[in-house]
Amino acid sequence: MLIGLTHMSTTKDNRIVQTYLFFNGNCEEAVDFYRKALGAEVEMMMRFKESPEPPPPGMVPPGYENKIMHTSFRIGQTTVMASDGCETTKPDNKGFSLSLAVDTEADADRYFNALAEGGQVKMPLSKTFWSPRFGMLDDRFGIGWMVSVVPEGQK
């Protein structure tokens, strides 16, 4: 009799957790910024006026017809989704940060500096006990970023 063994599932779990960002009117500008700063590749982009079904009356703010209803873009191996949403107030992007892991210190410097343009550095890039180069910032859209170099033994 075997005692203390943990049941291991034999079924594959295909769930995916992905980031969905709301920019409340600045989505297209933000995506363009990420294209330039990080080499993001847009997979699809749909404006509210292009929706196959019209939104319920009053749901979309006046003047949002040309705003982004939904977009998805890739940064490296990660898909990020975004929208202007249906709010016109500044989004409150508290309680999370996106973490960008890179292979070299030169890449960390390049991406960190690009993301910091017009934003606010919270912790400059420096050596830490977990990474040869790590830093934190809020970009110009208020999105928190942590940029780090993957240590040699973890690549």
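Anything mentioned here points back to the structure above.
Here's what I pulled together on the structure shown here. (Residues numbered from 1 in each chain as written. Predicted model: local features only at pLDDT ≥ 70, side-chain atom pairs only at ≥ 80, totals over all residues. Heavy atoms only, no water.)

Some thoughts on the pattern of salt bridges
Inference 1: As enumerated under the stated definition, the model contains eight salt bridges in all.
Inference 2: A salt bridge links Arg-74 to Glu-43; the shortest N-O distance between them is 3.8 Å. Within this pair, whereas Arg-74 is found in strand β3 (residues 68-75), its partner Glu-43 is found in strand β2 (residues 41-47), the two being separated by 31 residues in sequence.
Inference 3: The exposure class of Arg-74 is partly exposed, given its relative accessible area of 25%. (Salt bridge = Lys/Arg side-chain N within 4 Å of Asp/Glu carboxyl O. Helix = DSSP H or I, 4+ residues; strand = E, 2+ residues; numbered from the N terminus. Buried < 20%, exposed > 50% of the residue type's maximum accessible area, 1.4 Å probe, protein only.)

Considering the side chain of Asp-84
Inference 1: If you trace the backbone, Asp-84 turns up in the loop between β4 (78-83) and β5 (98-102).
Inference 2: Among buried Asp, Glu, Lys and Arg side chains, Asp-84 stands out as unpaired, with Lys-67 the closest opposite charge at 5.3 Å.
Inference 3: At 2.8 Å, the side chain of Asp-84 forms a polar contact with the backbone nitrogen of Cys-27.
Inference 4: Separated by 2.7 Å, the side chain of Asp-84 and the backbone nitrogen of Ile-68 make a polar contact.
Inference 5: If near-sequence neighbours (up to four positions away) are discounted, Asp-84 is found in contact with Phe-23, Asn-24, Gly-25, Asn-26, Cys-27, Tyr-64, Lys-67 and Ile-68. (Lys, Arg positive; Asp, Glu negative; His and termini not counted. Polar contact = N/O pair within 3.5 Å; in protein donor to acceptor, adjacent residues only side chain to side chain. Contact = heavy atoms within 4.5 Å.)

Some details on the packing of aromatic side chains
Inference 1: With the rule as written, the count across this model stands at 11 aromatic pairs.
Inference 2: With centroids separated by 6.3 Å and ring planes inclined at 45 degrees, the aromatic side chains of Phe-48 and Tyr-64 adopt a geometry described as tilted. Of this pair, Phe-48 sits in the loop between β2 and β3 while Tyr-64 sits in the loop between β2 and β3, and the two are 16 residues apart along the sequence.
Inference 3: Lying across the ring of Tyr-64, Lys-67 places its NZ or CZ 6.0 Å from the centre. (Phe/Tyr/Trp six-rings, centres within 6.5 Å; stacked < 30°, edge-to-face > 60°. Lys NZ or Arg CZ within 6 Å of the ring centre and 35° of its normal.)

So yeah, pure geometry; function would need other evidence.
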